[in-house]
Amino acid sequence: MIRENPRSDDPSRSSAPLVSEPPNHAAPGARKDNPMGDPGPRGYFGDFGGQYIPESLVPACQELEASFRTAWSDRSFRETLDGILHNYAGRPTPITECKRLSDELGVRVLLKREDLTHTGSHKINNVLGQALLAKRMKKTRLIAETGAGQHGVAAATAAALFGMDCVVYMGEVDVHRQELNVFRMKLLGAEVRPVTTGSRTLKDAVNEALRDWVANVGQTYYCIGSVVGPHPYPWIVRELQTVIGTEARSACREILNGADPDVVVVCVGGGSNAAGTFAGFAGTTAQLIGVEAHGGAAMTRGIPGVVHGMKSMFLQDEDGQILEASSISAGLDYPGTGPEHAWLGSTGRVRYATADDVEVLDAFSLLARLEGIIPALEPAHALAFVIRAARAGEIPSGASVLVTLSGRGDKDVAQVLEVIGP
Amino acid sequence: MMSQEKVPAAPAGSGSEQAQAPGKLEATLIEQRATGRKLLVPYVTAGMVPDWPEMVSAALDAGADAVEVGVPFSDPMMDGPAIQEASRRALVLGTSIQGVVAAIAHLNAIGTPAPLFIMSYYNILFRLGLKRAALTLARAGITGAVLPDLPLHEATAWISEAAEAGIANVMLVAPTTPDDRLRSICNAASGFVYGVGRMGVTGEQTDLARTSRQVAARLKAATSLPVIVGVGISTPEQAVEVCQDADGVIVGSGVVRRIMEGSSPGEITRFLGSFRRALDAG
């Protein structure tokens, strides 16, 4: 339905056989009808993923994997988490059919409303699950990295709920850009540590959180905010976000008389709301589209690399030095993407596209005016793609399109005011 | 689960005689150890100052048994503030792996009294292609590589390329490494085994962590390879103390900080000379 995005060949394959392991597509536990399965004990999604970490952290990652496997197959853990997601976070979230936007575009737009969860973004799904796991592992201290502050706020929230100490690493640049979120984290009892090294943004916050974890691994749980990092994180976070896709699929079937949407469009930074959404639809015939920020397009303009514990796609120079991403949306300001996305892109199951800052601001305003919903700038990327593709006829008129509205736009209003003026 | 861990095959599979014999790094360190002396291995971040090769020479002048040259990376996860800042400066100055390799080749052409090896992060070699990376290092006379973000279970491909090119694959063992995994790592390592002295990243410490001697003692009981401890060894006294169990020490952040503060090569030689004298005095 939508034209294919030509992808350059993986340059790592031409020079040398870089991965000696056989591809892991049919991982144990993978359902035949759902390609997004269990990445197995080594944590590989095809050629991507793995565990590229200092030796000091190897036992901790192995302990985490074992604990998550046990917890995730323990019915009482799942029921406890479901209860918290329902009573505390406000799940399930609704699907909103956008009548006026649909009329405007000639395609049927459905929104999965993660903006309506407690703390206002999908990040809460992940932190509640990981904090519950941390508690089960008898860890007393939660550390997290944050870019825009959404994951930091969510982590601080979960730490408050479960009575844990919380330290959030945040690049100094982001601390200044997101003053209100810094104050929110402090209100929630977390300590925010500005990171002054490197580019002083999200990627450096990840480095600093990893350094903290190496030094304090005994009592500390590192709560990663996206489907990135060493195994088992990309898998854990995707599993915890799959609630988005599972709910969305069953709700869509009610709205669409038993059918799945024709197209599913989700924004991708690290890629957690995309992974969670895609997991619900990977086994269907729906076309899956991940939309990156033009200035942070690791899938569309990056090449394979190994950073932050994972083999995945990264923006980097020819020497392998990681580049800084730049986007109007701090949440997509990450030069890499999760390994499962790297794999889904390499198999062609998901097409990755980009949206630039200008069209994102247009989409932000259009949704507000037509539907009374102010989206976060991150999902405004997914909307921007839908608007462009529908107007260009790439999405045929009358097609049904599901967009995950991963968060609400309140955090971005001041920034948008600065850019577009009153 | 640990004991079932697949141990990478010994490098003998390459069929090359050179791959089977201990490489220059390992042979040199074992020879020096046999004389009864403790091993001193200073670290310098390549490119952090324009005259960094002179800093390597300064370390050699102090009686180093080998010198570890850091190839800077944008995201040095295992490094503390001093080496992070040195890496940043090096990248701002345009340092690349090609430039570092060329400079080391030049030092080797002039002749060095002790072997040079590199430390970097895996992405630098991964982008080059592992086979090409190993050959490039070998051709420059680089005797080994330390890759702190490449743990044993991800290292299979690199181990065989390094062995084929005759590059030592120095591996790290941490205080948290269980015994059976420690043995597997020692079996896969060559050159020496790098004992991580403390749970944390590189950086100067006021006190020697208790884990420094513990990890050294555990390694000495498990391997005949030289056991050299780094991370948090900041003073000659700490070096002497850890060498009651270890064969030697790596001194990194203290060197790098002094260079950033403007120390001359002569001052670096004097600083490292204090370690040499303390280790020789025992």
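Each value, and the rule that gives it
Residues numbered from 1 in each chain as written. Chains lettered and ligands numbered in written order. Predicted model: local features only at pLDDT ≥ 70, side-chain atom pairs only at ≥ 80, totals over all residues. Helix = DSSP H or I, 4+ residues; strand = E, 2+ residues; numbered from the N terminus. Rg over C-alpha atoms; globule rule 2.2 N^0.38 Å. Buried ≥ 20, exposed ≤ 12 C-beta atoms within 10 Å, placed from the backbone. Contact = placed C-beta atoms within 7 Å. Domains from an automatic or database assignment. Nonpolar A, V, L, I, M, F, W, Y, C, P; charged D, E, K, R; others polar. pLDDT = per-residue confidence, 0-100. Pairing = 2+ DSSP bridges. Axes fitted to C-alpha atoms, helices over the stretch in contact; angles between N-to-C directions. Left-handed = near helix turned anticlockwise from the far one by under 90°.

A few words now on the overall build of chain B. Counting its regular elements, chain B contains 13 helices and eight strands. The C-alpha atoms of chain B give 17 Å as radius of gyration, which agrees with the globular expectation for 282 residues (19 Å, within 12%). Summarising its shape, the C-alpha atoms of chain B cover approximately 50 × 40 × 35 Å along the three principal directions. The buried share of chain B, taken over its 282 residues, is 61%. Summarising the internal contacts of chain B: among those between residues at least 6 apart in sequence, 74% fall at separations of at least 24.

Quick look at the overall build of chain A now. Check the secondary structure of chain A and you find 16 helices and 14 strands. For chain A, the spread of C-alpha atoms along the principal axes amounts to about 55 × 50 × 45 Å. Buried residues in chain A amount to 60% of all 422 residues. Across chain A, every contact between residues at least 6 apart in sequence was considered, and the portion connecting residues at least 24 apart equals 74%.

Here we come to the domain arrangement of chain A. Size of an interface: often given as the accessible area lost when the parts come together. Residues and elements named next belong to chain A. Per the domain assignment, the segments of chain A are domain 1 (45-80 + 123-233) and domain 2 (91-121 + 242-420). For domain 1 and domain 2, the distance between their C-alpha centres works out to 23 Å. The interface of domain 1 with domain 2 comprises 33 residues on the first partner and 33 residues on the second. Among the secondary structure elements, those contributing two or more residues to the side of domain 1 that touches domain 2 are β2 (48-49), α5 (123-136), α6 (150-162), α7 (172-177) and α9 (202-215). Each residue belonging to the side of domain 1 that touches domain 2 can be placed in one class, and the counts come to 13 nonpolar, 15 polar and five charged.

A word on the interface of chain B and chain A. If you look at the interface, chain B gives 37 residues, while chain A gives 32 residues. Elements with a minimum of two residues in the side of chain B that touches chain A: α4 (81-92), α6 (122-128), α7 (130-139), α8 (156-165) and β5 (168-173) of chain B. For the side of chain B that touches chain A, the class distribution of residues is 20 nonpolar, 10 polar and seven charged.

This part is about the confidence of the model for chain B. Residues and elements named next belong to chain B. In the predicted model, chain B carries a mean pLDDT of 93, and 93% of its residues have values of at least 70. Confidence over residues 1-19 falls short of pLDDT 50; this stretch has 28 contacts with residues more than four positions distant or in other chains. Two summary scores accompany this predicted model of the complex, namely pTM at 0.92 and ipTM at 0.92.

The next thing to look at is the environment of A:Leu202. Along the chain, A:Leu202 turns up in helix α9. C-alpha of A:Leu202 to C-alpha of A:Gly331: the two residues are 129 residues apart in sequence and 8.7 Å apart in space.

Before going further, it helps to examine the confidence of the model for chain A. Looking at chain A, pLDDT values average 91 and 92% of them are 70 or higher. Across residues 3-32 of chain A the pLDDT falls below 50, and counting only partners more than four positions away or on other chains, this stretch makes 48 contacts in the model.

Moving on, we get to the environment of A:Glu63. Residue and element names in this part refer to chain A. Within the secondary structure layout, glutamate 63 lies in helix α2 (residues 58-72). For glutamate 63, a count of 13 C-beta atoms within 10 Å gives the class partly exposed. Distance in space between the C-alpha atoms of glutamate 63 and isoleucine 303 is 31 Å, their sequence separation being 240 residues.

We now examine the sheet that holds strand β8 (residues 220-222) of chain A. Across a sheet, paired strands are connected by hydrogen bonds in the backbone, their directions being either parallel or antiparallel. Residue and element names in this part refer to chain A. Pairing is parallel in the open sheet, where four strands are placed in the order β7-β6-β5-β8. Both outer strands of the open sheet, β7 (191-195) and β8, are each paired with one neighbouring strand and no more. Averaged over all pairs of adjacent strands, the angle between their axes in this sheet comes to 25 degrees, without regard to strand direction. The sheet contact formed by strand β5 (residues 141-146) and β8 spans three bridges and is parallel. Looking at β8, one finds that arginine 141 is bridged to threonine 220. Strand contacts of α9: β5, β6 (165-171), β7 and β8, with the helix running at about 160 degrees to β5, the strand carrying the most contacts.

All names here are of chain B. Judged by pairing direction, the barrel is parallel, and its eight strands sit side by side in the order β1-β2-β3-β4-β5-β6-β7-β8 before closing back on the first. Neighbour-to-neighbour, the strand axes of this sheet turn through a mean angle of 25 degrees, independent of strand direction. Here strand β6 (residues 193-196) pairs with strand β7 (residues 227-230) via four bridges, running parallel. Bridge pairing in β7 links tyrosine 194 to isoleucine 228. Helix α10 (residues 210-222) rests against β5, β6 and β7 of the sheet, and its axis sits at about 160 degrees to β7.

With that settled, consider the packing of α7(B) against α8(B). Residue and element names in this part refer to chain B. Contact geometry of α7 with α8 gives a least axis separation of 9 Å together with a crossing angle of 35 degrees. Remark: the crossing between α7 and α8 carries right-handed chirality. Every residue of α8 that contacts α7 at Leu130, Lys131, Ala134, Leu135, Leu137 and Ala138 is listed here: Ala157, Trp158, Glu161, Ala162, Glu164 and Ala165. In the contact of α7 with α8, the residues fall into nine nonpolar, no polar and three charged.

Before going further, it helps to spend a moment on the environment of B:Thr269. Residue and element names in this part refer to chain B. By the element assignment, threonine 269 lies in helix α13 (residues 265-281). Sequence separation of threonine 269 and alanine 58 is 211 residues, and the distance between their C-alpha atoms is 5.0 Å. Each residue touching threonine 269, except ones within four places of it in the same chain, is listed here: Ala58, Asp61 and Ala62.

Let's shift gears to helix α12 (residues 253-260) of chain B. One full turn of an α-helix is made of 3.6 residues, so residues set three or four places apart face in the same direction. All names here are of chain B. When we look at burial in α12, the residues that qualify are Ser253, Gly254, Val255, Val256 and Ile259. Looking at the buried residues of α12, the elements they touch are β1 (39-45), α3 (52-61), α4, β8 (248-251) and α13. Of the residues flanking the end of α12, it is glycine 262, one or two places downstream, whose phi is positive at about 100 degrees.

Let's shift gears to the pairing of strand β12 (residues 310-314) of chain A. Burial analysis of β12(A) places five of its five residues in the buried class, which makes it a mostly covered element. Counting the residues in the hairpin turn of strand β11 (residues 303-307) of chain A and β12(A) gives two residues, including A:His308, whose phi is positive at 55 degrees.

All names here are of chain A. Residues arginine 91 and proline 92 are joined by a peptide bond in cis, for which omega reads 0 degrees. Inspection of the secondary structure puts proline 92 in the loop between α3 (75-87) and β3 (95-97). Here histidine 231 and proline 232 are connected by a cis peptide whose omega angle stands at 15 degrees. You can see proline 232 is positioned in the loop between β8 and α10 (233-255). For asparagine 257, which is not glycine, the phi torsion reads 50 degrees and is therefore positive.

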